[in-house]
Amino acid sequence: KLEAVIFDLDGVVTDTAHLHFIAWRDVAQEIGITIDPVFNEQLKGISRMASLQRILQHGGKAAHFSQAECEALCARKNNRYVATLSSLTPASILPGITDLLHDLRARGIRIGLASVSLNAPIILNALGITPLFDYCADASRIKHSKPDPEIFLLACRGLGVTAQHAIGIEDAQAGIQAINACGMAAVGIGDDLTGAGLLLPSTRELNWHRLDAYWQR
Ligand code: B16
Ligand code: MG
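Here's a quick rundown of the structure. Position numbers for residues count from 1 along each chain, tracking the sequence in the order it is written. Chain A is the first chain written and ligand 1 is the first ligand written, with later ones labelled in order. Per-residue local features of the predicted model are confined to residues with pLDDT of at least 70, and side-chain atom pairs are confined, for both listing and counting, to 80 or more; whole-chain, interface and lining totals are unaffected and use all residues. Only hydrogens and water are removed before side-chain values are computed, so all heavy atoms of the structure are retained for them.

### Here we look at the coordination of the magnesium ion (ligand 2)
A 2.8 Å cut-off from the metal defines N, O and S donors, relaxed to 3.2 Å for Na, K and Ca; water is not in the atom list, so some sites may appear incomplete. Protein coordination at the magnesium ion (ligand 2) comes from Asp8 (OD), Asp10 (O) and Asp171 (OD), with a distance range of 2.0 to 2.2 Å. In terms of primary sequence, the donors binding the magnesium ion (ligand 2) are separated according to D-x1-D-x160-D. Here Asp8 is found in the loop between β1 (4-7) and α1 (17-30), whereas its partner Asp171 is found in the loop between β4 (166-170) and α8 (173-181), with 163 residues between them in sequence. A 1.4 Å probe rolled over the protein chains alone gives each residue an accessible area, and that area as a share of the maximum for its type sets the label: buried under 20%, exposed over 50%, partly exposed in between. Of the residues examined, Asp8 reaches a relative accessible area of 4% and is grouped as buried. We count a stretch as a helix when DSSP gives it H or I for four or more residues in a row; a strand needs E for two or more, and each element gets its number in order from the N terminus.

Now the structure itself:
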């Protein structure tokens, strides 16, 4: 029996990937590294510090910055990023998501959030959907970001469900791996993801009937 649906945030509930990209692009530029939207795909679902490490590697500067300098770069990126979050409103929720959240609630299916973003609570508030979630896993409590299953397992625990009775929805390859690693059923949003049991091109195609049909498969 399906007991819970656990959502990724960035790319599933709203599109913050673009805002992350703008902030990282500017910080990277200041240290002489250029990143483009194709490279940005690699930063989806991974933590802030892991994102910086990939950017430094990409620019061939992995060994150029001390731990303290890396922390300062992360803080600079986050300040820029958080400043752009005020542009989010309920209109920034991706198509189909609000209806799905209401349909799940009407059926008594528990709703969780598994975002590795430390800014997730600010984002849900800006979108006006905090009360629709039964549990949001706190990213500050995990040691490993996706593809490690930790954040999804934390969400299952918080919701009081076992992974075998839950669906996870993700737009990032690292996220699909995390869902599969904990034994949940994986729904992917996008067109170049591998390992999703159900793959939909966008959240527009995501609705209760599709999820239910997938679960009954
Ligand atoms: P923050 P998700 C992830 O969110 C983003 O996809 C990723 O690009 C970002 O680095 C990470 O959150 C950390 O975010 O810097 O706000 O703590 O996809 O897990 O919802
Ligand atoms: Mg995502």
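### Focus on the pairing of strand β2 (residues 110-113)
In the sheet, β1 pairs with β2 via four bridges, with the strands oriented parallel. The partner of Phe7 across the bridge, within β2, is Leu113. Bridge count between β2 and strand β3 (residues 135-136): two bridges; the pairing is parallel. Of the residues in β3, the one forming a bridge with Leu113 is Cys136. In this view, the connection linking β2 to its parallel neighbour β3 by way of helix α6 (residues 120-127) has right-handed handedness. Any two strands with at least two DSSP bridges between them are considered paired. By definition, the crossover connecting two strands over a helix is right-handed if that path, from the first strand to the second, turns clockwise as seen with the strands pointing away from the viewer.

### Considering the site of ligand 1
Only heavy atoms are used to decide nearness, and a residue is near a molecule or strand if one of them lies within 4 Å of it. Lining the immediate surroundings of ligand 1 are 19 residues, of which Ile46, Arg48, Ser115, Ser117 and Asn119 lie closest. By the criterion applied in these results, polar contacts are pairs of N or O atoms within 3.5 Å in which, for protein atoms, one can donate a hydrogen and the other can accept it, and in which residues neighboring in sequence qualify only through two side-chain atoms. One nitrogen or oxygen atom from the main chain of Leu43 is found 2.9 Å from an oxygen atom belonging to ligand 1. With respect to ligand 1, the side chain of Arg48 contributes an N or O atom lying 2.8 Å from an oxygen atom. Per-residue and other accessible areas follow the Shrake-Rupley method at a 1.4 Å probe size, with only the shown protein chains counted as cover for residues. In isolation ligand 1 has 470 Å² of accessible area, and contact with the protein removes 98% of it. When contributions to the shell around ligand 1 are tallied by element, the ones reaching two or more residues are α3 (48-58) and α4 (67-84). In this count, Pro and Cys sit with the nonpolar residues alongside Ala, Val, Leu, Ile, Met, Phe, Trp and Tyr, while Asp, Glu, Lys and Arg are called charged and the others, Gly among them, polar. Of the residues that constitute the shell around ligand 1, the class distribution is six nonpolar, seven polar and six charged.

### Concerning the packing of aromatic side chains
Two aromatic rings, drawn from Phe, Tyr or Trp (for Trp, its six-membered ring), form a pair once their centres lie within 6.5 Å of each other, and the interplanar angle then sorts them: stacked below 30 degrees, edge-to-face above 60, tilted otherwise. Applying the stated criterion across every chain yields a total of one aromatic pair. For the ring pair Phe7 and Phe133, a centre distance of 6.2 Å and an interplane angle of 75° mean the geometry is edge-to-face. Of this pair, Phe7 sits in strand β1 while Phe133 sits in the loop between α6 and β3, and the two are 126 residues apart along the sequence. Residue Phe7 shares its accessibility class with Phe133, and that shared class is buried. Lys77 extends its terminal NZ or CZ atom over the ring of Tyr81, reaching a point 4.5 Å from the ring centre. A ring is considered to have a charge above it if a Lys NZ or an Arg CZ atom is located within 6 Å of its centre and within 35 degrees of its normal.

### Section: the environment of Ser117
Of note, Ser117 is situated in the loop between β2 and α6. What makes Ser117 buried here is its relative accessible area of 17%. C-alpha of Ser117 to C-alpha of Leu19: the two residues are 98 residues apart in sequence and 13 Å apart in space. In contact with Ser117, other than residues within four places in its own chain, are Ile123 and Ala139. Of the polar contacts made by the side chain of Ser117, one reaches the backbone nitrogen of Asn119; its length is 3.0 Å. Here a residue-residue contact requires only that any non-hydrogen atoms of the pair lie within 4.5 Å.

### Structural notes on the pairing of β1
Every second residue of β1 is oriented toward a common face, with Ala4 and Ile6 on one face and Val5 and Phe7 on the other, all of them buried. Two strands pair when backbone bridges link them, and β1 and β4 are joined in this way by four bridges, in the parallel orientation. Opposite Phe7, over in β4, you have Ile169 as the bridge partner.

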